[in-house]
Amino acid sequence: YPLFMSRLNYSSVQSGYALGIFIVGSIIGTIPVSYLADRIGRKKCLTLVISVSLIPIVGIMVFDNFIAKMIFSFVAGFTVGPIYPLSLALSVQDLTGKELISGTAFFTFAYGIGSTTGPFLSSVAMRYLGNKYIFSITLLFFVSMLLYMIGESIRLRKKAKNEDLEQYDESLSNGGV
């Protein structure tokens, strides 16, 4: 992010502010988003957070005004920062005690792969698309994730509806209503 800011002719101090405000947003956002996840469910909250995070990500790329970038950086931190703990909690919530260590290790491994490839892919996007497109890979990944989550939700609802219909049909065939 500081490299992105410097390539857009912002000073190193301004770049530091942008990164700092993103981190502050991440720290502040984790608590209310975690609370919300406990209230509405982790999957719904993750879907909501990823959906909302698209706005500041696009805002950082589109708006050239420094103040606008700071506002979008804070909101991006507020929404993107909690994705890690939400995803971790979601990935291990159905594991048994014996599976917890290997499940957490796998999650950390996958996170490490993303942390390694993310900056590389972002730099490739910046090189071939322009400096403003630093978060285009993140945007593409988040949209893909949202489409998957929405598709999975629809599939599970259809499955539940079919199971309810089967139970109803079975109760009718047994003489019940």
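Numbers given for residues are sequential positions, taken from 1 along each chain in its written order. Totals for whole chains, interfaces and linings use every residue, but because this is a predicted model, local features are given only for residues with pLDDT of at least 70 and side-chain atom pairs only at 80 or more, for both listing and counting. The side-chain figures draw on all heavy atoms in the structure; neither hydrogens nor water molecules are used.

Focus: the layout of surface pockets
Stage number 1. In this structure, the largest pocket encloses a volume near 1900 Å³.
Stage number 2. Definitions used for this entry: grid spacing 1 Å over protein atoms alone; cavity, a set of points where a 1.4 Å probe fits but cannot get out; pocket, an open set with protein on both sides within 12 Å along at least 5 of 7 lines; lining residue, one with an atom within 4 Å of a point. Surrounding the largest pocket, 50 residues form its lining, Ile 83, Ser 87, Phe 141, Phe 142 and Met 145 being those nearest its centre.
Stage number 3. For helices the rule is a DSSP run of H or I covering at least 4 residues; for strands it is a run of E covering at least 2, with both sets numbered from the N terminus onward. Those elements giving two or more residues to the lining of the largest pocket turn out to be α2 (12–40), α3 (42–62), α4 (66–80), α5 (83–92), α6 (97–129) and α7 (136–173).
Stage number 4. In the lining of the largest pocket, the residues fall into 30 nonpolar, 15 polar and five charged. Grid points are joined across faces, edges and corners, and a volume is the space filled by probe spheres set on the points. Each residue gets one label: Ala, Val, Leu, Ile, Met, Phe, Trp, Tyr, Cys and Pro are nonpolar, Asp, Glu, Lys and Arg are charged, and the others, such as Gly, are polar.

What to know about the packing of α2 against α3
Packed helices, taken two at a time, are described by their axes: the angle between them and the distance between them.
Stage number 1. Helix axes use the C-alpha atoms of the stretch in contact, all axes being lines fitted to C-alpha atoms, and the angles between their N-to-C directions lie in the range 0 to 180 degrees. Remark: α2 packs on α3, axes separated minimally by 7 Å, with the N-to-C direction vectors making an angle of 135°. In terms of orientation, α2 and α3 fall into the oblique class. Contacts from Val 33, Leu 36, Ala 37, Asp 38 and Ile 40 of α2 reach α3 at Arg 42, Lys 44, Cys 45, Leu 48 and Val 49.
Stage number 2. Partitioning the contact of α2 with α3 into residue classes produces seven nonpolar, no polar and three charged. Working definition: roughly parallel below 35 degrees, roughly antiparallel above 145 degrees, roughly perpendicular at 65 to 115 degrees, and oblique for all remaining angles. By definition, residues are in contact when any of their heavy atoms lie within 4.5 Å.

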